[in-house]
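# Geometric and topological summary
Single-letter residue listing:
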Amino acid sequence: MSEQPRRPRKPGKPYRRPQKDPVRFLAFEALRAVDERDAYANLVLPPLLRKAREKEGFEARDAALATELVYGTLRRQGTYDAIIAECVDRPLREVDPPVLDVLSLGAHQLLGTRIPTHAAVSASVELARVVLGDGRAKFVNAVLRKIAQDDLDGWIAKVAPPYDDDPEDHLAVVHSHPRWVVSALWDSLGGGRAGIERLLEADNERPEVTLVARPGRATPEELLRQESAAPGRWSPYAVRLAEGGEPGAVGAVREGRAGVQDEGSQLVALALANAPLEGRDEKWLDGCAGPGGKAALLAALAAERGAMLLASEKQPHRAGLVAKALAGNPGPYQVIAADGTKPPWKPGSFDRVLMDVPCTGLGALRRRPEARWRRRPEDLEGFGPLQRGLLSTALDSVRVGGVVGYATCSPHLAETRAVVEDVLKQWPSAELVDARPLFPGVPELGEGPDVQLWPHVHGTDAMYLAVIRRTG
């Protein structure tokens, strides 16, 4: 299937100007920002929706459809690419990216929503006329009509290799993950086909919005007064909002007394705060504090015990976000912009240290679906030395008898156990603590001593935590 040049209009046939559909145009804008600027949809979409509400009169259902089109298309991009590739007569890389975005949006409407076929095709063609021109709109029309000839299951049967021939490639196409990510997640998860399929399916589900009531500033009971609210599963400070719940409508969130924070992230902060100590408990450190969610929870917990938190973040603009998150904390705290591998504080200064290190983010693919296509296996080589350096700094920063929490939002073994094992070889005066008792009530925490949370098991991001005590 080729893109057709614009043909001259037949004499006497009136030309109909394309009609802009605000919902689909906004979804297209968001996808272009993700593609052109390496932006994240969760950062791009909210301001676009606010602008649309003000200028286009967007209603809640318009915003919901735009959000579904953007996230649904990004989550299923790999599957849709394989299907589109079957319907064009050139390698996919030779199709202009804006054309491919329109085709992907159309494919999602045809294969991933209940929008009627004729409406999905006509709306996509009309979008193509607006953003691409009439000539390429005909190309879009022809491709989408081909796609509409089968449903998603039928297409997957055509484009995915059989599981018995190539299990990882089959799962990559069916569940829309790069093959290397499937392989890495499977290695970390272990087990057979059922577990990895459940995990990949969970990555493609829309996550709930979870709030945290910051201790001493808000209570879960206050947040539960929201019409769409339900208690968290594991964290005593968590409250979940049902689909369509708007965090910005919650007074405590607007005032900074509560925040948006995945329950897995809350559990990691709580585990570090509750790890048993020998001796004093006065000074805490969050060594990679941006953008401030864990730091705000830690600062509130520290305040209840009369302890202070130092929140350190290398990037000044992210340090500003941390300061905003901690503003109003009832106890003492300090926020600084500092390189965690070259800290300005003295060794042995802290009783508790959390080091939630930069990583590939493969544990948060539900929230940032585009990250799966952006990351490459070689990224691990860049993160590895930094992660080891930050964990070494953490162990140097904690006093004898104090504890360090090494956390990542990635389950990749190269970013979790491999880092901890390598650093502990250089630190004979440190030992792993069994972290599982620090997650009370949370099931299926594995053999320990570290803890790996999973979206399909715990309903959280795939957070990892190792707790280490400095012994000498």
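Our subject in this report is the structure included herewith. Nothing here was measured: the structure is a model prediction, and the numbers come from that model.

### Focus on the overall build of the chain
In terms of helices and strands, the chain carries 20 helices and 12 strands. Against the compact-globule benchmark of 23 Å for 472 residues, the chain has a radius of gyration of 25 Å, which places it among compact chains. With the C-alpha coordinates aligned to their principal axes, the bounding extent of the chain is approximately 90 × 50 × 40 Å. Here the chain, with 472 residues, has 54% of them falling under the buried criterion. Taking the intrachain contacts of the chain between residues at least 6 apart in sequence as the baseline, contacts between residues at least 24 apart amount to 73%. Total accessible area on the chain is roughly 20,800 Å²; 49% of this is exposed by carbon and sulfur atoms. For the chain, the distance from the average position of its 62 positive side-chain charges to the average position of its 64 negative side-chain charges is 6 Å.

### Some remarks on the pairing of strand β9 (residues 398-408)
Of all 11 residues in β9, 10 are buried; the element is thus mostly enclosed. Bridge count between strand β8 (residues 350-356) and β9: six bridges; the pairing is parallel. From the neighbouring strand, F350 faces β9, where its bridge partner is V398. Note: β9 against strand β12 (residues 464-470), six bridges, orientation antiparallel.

### So, the pattern of salt bridges
Oppositely charged side chains can form a pair if their charged atoms are brought close together. Evaluation of the coordinates by the stated rule reveals 35 salt bridges. In this structure, the salt-bridge partner of D262 is R366, at a minimum N-O distance of 3.3 Å. With a gap of 104 residues between them, D262 in the loop between β4 (258-260) and α14 (263-274) and R366 in the loop between β8 and α17 (371-374) connect regions that are remote in the sequence. Residue class for D262 comes out buried when judged on its relative accessible area of 8%. The partner of D281 in a salt bridge is R352, with the nearest N and O atoms 3.1 Å apart. On the criterion of sequence distance, the pair formed by D281 in the loop between α14 and β5 (283-286) and R352 in strand β8 is long-range, its members being 71 residues apart. D281 gets classed as partly exposed once you look at its relative accessible area, which sits at 21%. Among the residues examined, R352 registers a relative accessible area of 4% and is labelled buried. Linked through salt bridges whose partners overlap, the residues forming this network are R32, D35, E36 and D101.

### Overview of the sheet that holds strand β1 (residues 209-213)
In space, the four strands of this open sheet follow the order β2-β3-β1-β4, with antiparallel pairing throughout. The open sheet has two edge strands, β2 (229-231) and β4, and neither has a second partner. Neighbour-to-neighbour, the strand axes of the sheet open up by a mean angle of 30°, direction not taken into account.

### Digging into the nonpolar core
What tends to happen in soluble globular proteins is that the nonpolar side chains get buried as a cluster. Among the nonpolar cores identified, the biggest contains 57 residues, and L26, V70, L103, L111, V140 and I147 are the most heavily contacted of them. Not counting chain neighbours up to four residues away, the residues in contact with I147 comprise I83, I84, C87, A107, L110, L111 and W155. Counting residues in hydrophobic clusters, the runner-up holds 42 residues, among them L272, L301, A302 and M463.

### Considerations on helix α8 (residues 152-159)
All of the buried residues in α8 are L152, G154, W155, I156 and V159. On its buried face, α8 is in contact with α4 (77-85), α5 (97-111), α7 (134-147) and α9 (167-175).

### Topic: empty space enclosed by the protein
Across all of its chains, the model carries one cavity of 30 Å³ or more by this definition. For the largest cavity, the calculated volume is near 40 Å³. Looking at side-chain class alone, the lining of the largest cavity contains no nonpolar, two polar and six charged residues.

### Thoughts on the packing of helix α15 (residues 293-304) against helix α16 (residues 316-326)
One can describe the packing of α15 onto α16 by two numbers: an axis separation of 9 Å at closest approach and a directional angle of 40°. The angle between α15 and α16 places the two elements in the oblique class. Handedness of the α15/α16 crossing: right-handed. Counted together, A295, A296 and A299 of α15 and V322, A325 and L326 of α16 form the full contact between these two elements.

### Looking at the side chain of D461
Structurally, D461 is set in the loop between α20 (455-458) and β12. Judged by relative accessible area, which is 6%, D461 ranks as buried. Only 3.1 Å separates the side chain of D461 from the side chain of R367, close enough to count as a polar contact. Once you skip the residues sitting within four places of it in the chain, D461 turns out to touch D262, G363, A364, R366, R367, C409, L453, W454 and P455.

### Regarding the side chain of Q109
Residue position: Q109 is located in helix α5. Ignoring sequence-local partners within four residues, the contact set of Q109 consists of R24, L69, I115, A120, A123 and S124.

### Topic: the packing of helix α10 (residues 179-189) against helix α11 (residues 193-203)
The contact between α10 and α11 brings their axes to 10 Å, and the two run at 125°. The angle between the axes of α10 and α11 places the two elements in the oblique class. Between α10 and α11 lies a crossing of right-handed hand. Residues V182, L185, W186 and L189 of α10 pack against R193, G195, I196, L199, L200 and D203 of α11. In the contact of α10 with α11, the residues fall into seven nonpolar, one polar and two charged.

### A short note on unusual backbone geometry
The omega torsion across G290 and P291 is 0°, close enough to zero to call that bond cis. With an omega of 0°, the peptide bond between G448 and P449 qualifies as cis. Its identity as a non-glycine residue notwithstanding, D38 has a phi of 55°, on the positive side. You can see D38 is positioned in the loop between α1 (22-37) and α2 (41-55). Residues other than glycine seldom take positive phi values, yet E444 does so here, at roughly 50°. With respect to the element layout, E444 can be found in the loop between β10 (430-433) and β11 (451-452).

Definitions and limits used
- The residue count restarts for each chain, going from 1 along the sequence in the order it is written.
- Only residues with pLDDT of at least 70 are given local features in this predicted model, and only at 80 or more are side-chain atom pairs given and counted; all residues enter the totals for whole chains, interfaces and linings.
- The side-chain values count all of the structure's non-hydrogen atoms but skip hydrogen atoms and water molecules.
- In this text, helices come from DSSP runs of H or I with a minimum length of four residues, and strands from runs of E with a minimum of two, each type numbered from the N-terminal end.
- The size measure is the radius of gyration over C-alpha atoms, and the globule rule it meets is 2.2 Å times the number of residues to the 0.38 power.
- Each residue gets one of three labels from its accessible area relative to the maximum for its type: buried under 20%, exposed over 50%, partly exposed in between, using a 1.4 Å probe on protein chains only.
- Throughout, a contact is declared for two residues whenever any of their heavy atoms are within 4.5 Å.
- Here the open area of atoms and residues is found with the Shrake-Rupley method and a 1.4 Å probe, where only the protein chains shown may cover a residue.
- When charges are tallied, Lys and Arg are placed among the positive residues and Asp and Glu among the negative ones, while His and the ends of the chain are skipped.
- Note that the charge is assigned to NZ on lysines, CZ on arginines, CG on aspartates and CD on glutamates.
- Strands pair, by our definition, only if DSSP identifies at least two bridges between them.
- We define a salt bridge as a side-chain nitrogen of Lys or Arg found within 4 Å of a carboxyl oxygen belonging to Asp or Glu.
- Orientation is described by lines fitted to C-alpha atoms, with helices fitted over the stretch in contact, and by angles between N-to-C directions that extend from 0 to 180 degrees.
- Throughout this description, the term nonpolar core refers to a set of buried Ala, Val, Leu, Ile, Met, Phe, Trp, Tyr and Cys residues connected via side-chain atoms within 4.5 Å.
- A 1.4 Å probe that fits but cannot get out identifies a cavity on a 1 Å grid over protein atoms alone, an open set with protein on both sides within 12 Å along at least five of seven lines counts as a pocket, and a residue lines either if it has an atom within 4 Å of a point.
- Grid points are joined across faces, edges and corners, and a volume is the space filled by probe spheres set on the points.
- Only Asp, Glu, Lys and Arg are considered charged in this grouping, and only Ala, Val, Leu, Ile, Met, Phe, Trp, Tyr, Cys and Pro are considered nonpolar; every other residue, Gly among them, is considered polar.
- Any angle that falls under 35 degrees is termed roughly parallel, while one over 145 is termed roughly antiparallel, one within 65 to 115 roughly perpendicular, and all others oblique.
- Crossing chirality is assigned from the near helix's rotation relative to the far helix, an anticlockwise turn below a right angle marking it left-handed and a clockwise turn marking it right-handed.
- Here a polar contact means two N or O atoms within 3.5 Å. Within protein one must be a hydrogen donor candidate and the other an acceptor candidate, and residues neighboring in sequence count only if both atoms are side-chain atoms.

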